[in-house]
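Next come the chains, spelled out residue by residue.
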Amino acid sequence: MSSWPEGGTRSVEQHAAAVAELVRPTGTETVPLAGASDRVLAGDLTAGLALPPFDNSAMDGYAVRAAELAGASDTHPVELPVAADIPAGRTDVPPLAPGTVARIMTGAPVPAGADAVVPVERTDGGTGRVRISAQPQPGAFVRRAGEDAAAGAVVLTAGTVLGAPQIGLAAAVGRPGLTVHRRPHVLVLSTGSELVAPGEELAPGQIYESNGTMLAVAVREAGATAEQLSFVPDDVDRFRAVLAERAGDGVDLVLTSGGVSAGAYEVVKDAMLGHGVAFGKVAMQPGGPQGCGRLELGGTSVAVVTLPGNPVSSLVSFEVFVRPALRAAMGRPDPGRPVVTARLDGALTSVPGRRQFRRGILDAVAGTVAEVGSTGSHLIAALARADCLIDIPAETTAVADGERVSIVLLGG
Ligand code: AMP
Ligand code: MG
């Protein structure tokens, strides 16, 4: 979808679909387990061995034949010779001869012939001979081979998001690494002749550049990788030169900010219009002016999403269009943020014809959400206090105090 519909306005869904189509699914790569956290498993993981791999003891104690301890109790202990000592890790475990027991530690292989373990606490702890004061059930305190997973079983399915337990499991079945979806790589490039890097002196009329860092962090928080390029002034040639130099192989998406609205000096629009990128309005607020497409660069092309420059517009547009697309491309089963409903604390009005994403603070205990700041898309301090977006449908013009609204949880 490279053009804008007749009349010049896309719905949020139309633009989201256009962006999603641009960011292609990434390939796969094999990473060491330690680097697999929060990655998405690319294929089913099959256990190459049973878990546990062998029958082993669940307690420190004595491996026994349960039948030989019939009637054993505190008042009538049974005494038997200790024929072997089996610490964890012993690999040459002898079978248990009838009429004997083996001292055994947690995790050690249960010898052939034994069918139960008596915890040391129910014995006198003897090493040559031992007095046992309990009659175990057959199978007591024996962890059976394969009771957790059978050899050959699928233990993790493709699409699983890997966390500590899943990575621990992969190690337990002997895998040194896992094949996961590659993270998309995103170039972030801000534009604006008024911009100055934080830490430097501001002259009158200048502001600090905030979108580049904010978007690069948002990209990384989404699970992709980001390279933040030095922002460029509103100069089409400089902007083109930076893209020509940097937007090459290995870049899945170029994300720009600024320079896409209807004024003069719209550097992004001026540089890209007619070169594969379409610009127009999306029926939303903040974030009306948008663009996306495959920018032709020499003999190749690169996916580009052009976000508006106002910081709130930039981040909200990233949330609505870019984050889900990046996460879908890397196989995340949960590309979108969690959406819940809450009762609005206060009333609000909304312009018709545009879907609004107001910044809100959720009181999860009370089940209410309050707007923070107002509709101004420059209000980054209010954005920084918000923990959710209040999603007001395009056709809604007013929401009453206490009415239920849909909210997008930014933390989830
Ligand atoms: P633009 O979309 O370029 O017309 O910019 C819209 C508003 O956002 C202007 O007030 C800009 O100064 C501001 N702005 C644009 N880019 C950035 C940026 N990278 N950091 C902070 N503010 C910006
Ligand atoms: Mg600008």
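Further up the page is the structure itself.
The rules behind the values
- Residues numbered from 1 in each chain as written.
- Chains lettered and ligands numbered in written order.
- Predicted model: local features only at pLDDT ≥ 70, side-chain atom pairs only at ≥ 80, totals over all residues.
- Heavy atoms only, no water.
- Near = heavy atom within 4 Å.
- Polar contact = N/O pair within 3.5 Å; in protein donor to acceptor, adjacent residues only side chain to side chain.
- Areas by Shrake-Rupley, 256 points an atom, 1.4 Å probe, with all protein chains shown as cover.
- 1 Å grid on protein atoms, 1.4 Å probe; cavity = no way out; pocket = protein on both sides within 12 Å on 5 of 7 lines; lining within 4 Å.
- Sits in = over half its atoms within 2 Å of the grid points.
- Nonpolar A, V, L, I, M, F, W, Y, C, P; charged D, E, K, R; others polar.
- Phe/Tyr/Trp six-rings, centres within 6.5 Å; stacked < 30°, edge-to-face > 60°.
- Lys NZ or Arg CZ within 6 Å of the ring centre and 35° of its normal.
- Axes fitted to C-alpha atoms, helices over the stretch in contact; angles between N-to-C directions.
- Helix = DSSP H or I, 4+ residues; strand = E, 2+ residues; numbered from the N terminus.
- Left-handed = near helix turned anticlockwise from the far one by under 90°.
- Contact = heavy atoms within 4.5 Å.
- Points joined across faces, edges and corners; volume = space filled by probe spheres on them.
- Domains from an automatic or database assignment.

Draft legend 1. Spotlight on the site of ligand 1. As a structural note, the neighbourhood of ligand 1 is formed by 16 residues, with E194, E209, S210, G259 and G309 the closest of them. Contact distances for ligand 1 include 3.0 Å between a nitrogen atom and a backbone N or O atom of S210. Expressed as a share of its isolated accessible area of 480 Å², the protein-covered part of ligand 1 is 77%. Judged by the proximity of its atoms to the pocket grid, ligand 1 belongs to the largest pocket. Counted by class, the shell around ligand 1 contains 4 nonpolar, 10 polar and 2 charged residues.

Draft legend 2. Representation of the packing of aromatic side chains within the structure. Under the criterion given, the structure shown has 0 aromatic pairs. In this structure, R10 packs its charged tip against the face of W4, placed 3.8 Å from the ring centre.

Draft legend 3. Just the packing of helix α1 (residues 12-22) against helix α6 (residues 311-329), in detail. Close contact between α1 and α6 brings their axes to 9 Å; oriented N to C, the two are set at 35 degrees. The hand of the α1/α6 crossing is right-handed. Between α1 and α6, the residues in contact are V12, H15, A16, V19 and A20 and V320, F321, V322 and A325, respectively. Class assignment of the residues belonging to the contact of α1 with α6 gives a composition of 8 nonpolar, 1 polar and no charged.

Draft legend 4. Broad picture of the layout of surface pockets. Computed from the structure, the largest pocket encloses a volume of approximately 630 Å³. Together, 38 residues line the largest pocket, and G258, P308, G309, N310 and P311 are the ones closest to its centre. Secondary-structure elements contributing two or more residues to the lining of the largest pocket are β15 (207-208), β18 (277-282), β19 (284-285) and α6. Roughly 310 Å³ of internal volume is contained in the second largest pocket. As for the second largest pocket, its lining consists of 16 residues, of which M214, E221, L315, E319 and L383 are closest to the centre. Of all elements in the fold, only α3 (211-221), α6 and α7 (380-385) reach the threshold of two or more residues within the lining of the second largest pocket. In terms of residue count, α6 provides more of the lining of the second largest pocket than any other element does, 5 residues in total. Residues belonging to the lining of the second largest pocket are distributed by class as follows: 12 nonpolar, no polar and 4 charged. Three or more residues apiece are contributed to the lining of the second largest pocket by two domains, here domain 1 (9-27 + 183-329) and domain 4 (339-409).

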